[in-house]
Amino acid sequence: MRKYFILIVLINISVLIWAQRDSCSLLFSFYNVENLYDPENDSLFRDDDFTPEGSYHWTYGKYAKKVNNIAKVLIAMGEGEPPDIAAMAEVENDRVFQRFCYRSPLQKFNYGYVHFDAPYSRGVETGLLYRKDRLQIVHKEAIAVVFPFEPATKNRDILYVVAKTLCGDSLHLFVNHWTSRYGGYGATVPKRNYYAQVLRHCVDSLLNLNPAAKIVIMGDFNDYPTDESVSRTLGASDKSQTDTASLYNLMYIFLKMNNIGTHKHEDFWGCLDQIIVSPALLDSTSVGMHIVNNEAHIFKEDFMVVPDEKYGGYKVFRTFLGPRYIGGYGDHLPVFVVICDKQN
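Residues numbered from 1 in each chain as written. Predicted model: local features only at pLDDT ≥ 70, side-chain atom pairs only at ≥ 80, totals over all residues. Heavy atoms only, no water.

**With respect to the overall build of the protein chain**
Reasoning step 1: Along the backbone of the protein chain there are six helices and 20 strands.
Reasoning step 2: In terms of overall size, the protein chain behaves like a compact globule, its C-alpha atoms giving a radius of gyration of 19 Å where 344 residues would be expected to give roughly 20 Å.
Reasoning step 3: Projected onto its principal axes, the C-alpha positions of the protein chain cover 55 × 45 × 40 Å.
Reasoning step 4: When each of the 344 residues of the protein chain is scored for burial, the buried share is 57%. (Helix = DSSP H or I, 4+ residues; strand = E, 2+ residues; numbered from the N terminus. Rg over C-alpha atoms; globule rule 2.2 N^0.38 Å. Buried < 20%, exposed > 50% of the residue type's maximum accessible area, 1.4 Å probe, protein only.)

**Quick notes on the sheet that holds strand β13 (residues 273-277)**
What links the strands of a sheet is backbone hydrogen bonding, and the strands pair in either a parallel or an antiparallel sense.
Reasoning step 1: An order of β5-β6-β7-β8-β13-β10-β9 is seen for the seven strands of this open sheet, with the pairing classed as mixed. Since the sheet does not close on itself, it has two edges, and those belong to β5 (135-143) and β9 (236-237), each with one partner.
Reasoning step 2: Of the pairings in the sheet, the one linking strand β8 (residues 215-220) to β13 comprises five bridges and is antiparallel in character. From the neighbouring strand, G219 faces β13, where its bridge partner is Q274.
Reasoning step 3: On top of the sheet, helix α4 (residues 185-209) reaches β5, β6 (158-165), β7 (170-177), β8 and β10 (247-249); it is set at about 175° to β7, its chief contact. (Pairing = 2+ DSSP bridges. Contact = heavy atoms within 4.5 Å. Axes fitted to C-alpha atoms, helices over the stretch in contact; angles between N-to-C directions.)

**Here's the deal with the confidence of the model for the protein chain**
The predicted structure's coordinates, where accompanied by low pLDDT, should not be read in detail.
Reasoning step 1: On average, residues of the protein chain score 91 in pLDDT, and 91% of them reach the 70 mark or higher.
Reasoning step 2: Under a pLDDT of 50 for its full length, residues 1-20 has, in the predicted model, 24 contacts with residues more than four places off or in other chains. (pLDDT = per-residue confidence, 0-100.)

**Some points on the layout of surface pockets**
Reasoning step 1: Taken as a whole, the largest pocket spans an internal volume of roughly 1400 Å³.
Reasoning step 2: Residue lining of the largest pocket: 49 residues in total, with E90, S180, H263, R318 and D331 positioned closest to the centre.
Reasoning step 3: For the lining of the largest pocket, the secondary-structure elements that each account for two or more residues are β1 (25-36), α4, β11 (263-265), β17 (314-316) and β18 (320-321).
Reasoning step 4: Of the residues in the lining of the largest pocket, the class split is 16 nonpolar, 15 polar and 18 charged. (1 Å grid on protein atoms, 1.4 Å probe; cavity = no way out; pocket = protein on both sides within 12 Å on 5 of 7 lines; lining within 4 Å. Points joined across faces, edges and corners; volume = space filled by probe spheres on them. Nonpolar A, V, L, I, M, F, W, Y, C, P; charged D, E, K, R; others polar.)

**Here's the deal with the packing of aromatic side chains**
Reasoning step 1: Under the criterion given, the structure shown has 19 aromatic pairs.
Reasoning step 2: Both rings, one in F50 and one in Y56, keep their centres 4.7 Å apart while their planes meet at 20°; by these two values the pair is stacked.
Reasoning step 3: According to the relative accessible area criterion, Y56 is partly exposed, its value standing at 25%.
Reasoning step 4: Ring geometry for W178 and F221: centres 4.6 Å apart, planes at 90°, overall edge-to-face. Placement of W178 in the loop between β7 and α4 and of F221 in the loop between β8 and α5 (228-233) is noted, with a sequence separation of 43 residues between them. Judged on exposure class, the residue W178 and its partner F221 are both buried. (Phe/Tyr/Trp six-rings, centres within 6.5 Å; stacked < 30°, edge-to-face > 60°.)

**Quick notes on the nonpolar core**
Reasoning step 1: If you look at the biggest cluster of nonpolar residues, it comprises 76 residues, and the most contacted ones within it are F28, M88, F100, L128, L129, I275 and I339.
Reasoning step 2: With near-sequence residues (within four places) excluded, I339 lies in contact with C24, S25, L26, F28, L171, V216, L281, M289, H290 and I291.
Reasoning step 3: Grouped together as the second largest cluster of nonpolar side chains are 26 residues, Y160, Y195, V203 and L206 included. (Core = buried A, V, L, I, M, F, W, Y, C linked by side-chain atoms within 4.5 Å.)

**So, the environment of P151**
Reasoning step 1: Tracing the chain through its elements places P151 in the loop between β5 and β6.
Reasoning step 2: Taking the C-alpha atoms as reference points, P151 and L106, 45 residues apart in sequence, are found 39 Å from one another.

If you want it as structure tokens, here you go:
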């Protein structure tokens, strides 16, 4: 209980730090928004359940409420100033991102978006919103992931974006949503390991060209920081344990706290959603961008959770409870970092 209280205090203190960020201080977030479909039936994807006639009776009113709910979270995250980059998973298409930009409470913040249609049959993919007056997107790319042991499987891409800040720094951002554990943990391990291999190859290519490259890896990995895919194949280490790695996972601090995480399975909270960075972003002694306090944060407000009557404590306030619509947010909590320029 004391560790939980300390975590809440730290989160509240951090709000005071980044709510007043200036033009060279940036808030980056990742949020798995859970099945954010628009209600139109798309013949290319398996979205029939999320239409007005489908099993979830997904109407335009419910859709608009969910978009506004996610916007509410993002605005609350920055105490009125939402993230400069808001990466997301499980968004169906361009129309959803356009609604965020032009027909939601985010419309006054001058957002653009990056999204590619992927071959994934369910049609829920990664993408991001970015504030066009604070960042310039200089490169965007969908990195295909094709399993050599299962070449016919259609998978989500890894989204790669290079963003240039107003202070002139370039940041390399990878947005991920790796294969789920559906079908069994052991049976799906090779798939998440292969995602990690593809991502590791991309990271190595960048670091070979520029060892000081500033890289931010965000996503729902469907594995925890200590699992093989993340810790060994990708090679994302705990900063407190080593100073010689080429990638550091900022979520390790939450492993040392009692049942704190981004996603709850039965009575266990774990960090499936993670932020991983290259060493250059942890070096606050040099000129340029760095992670404030070398910390990532899990964002949770009271309106985002409900009491967990079965397992105790709280759980995330979801959009559906089984087939029943309850009007919440999603099944994950978002994560974020604040990136600041030492010159400020």
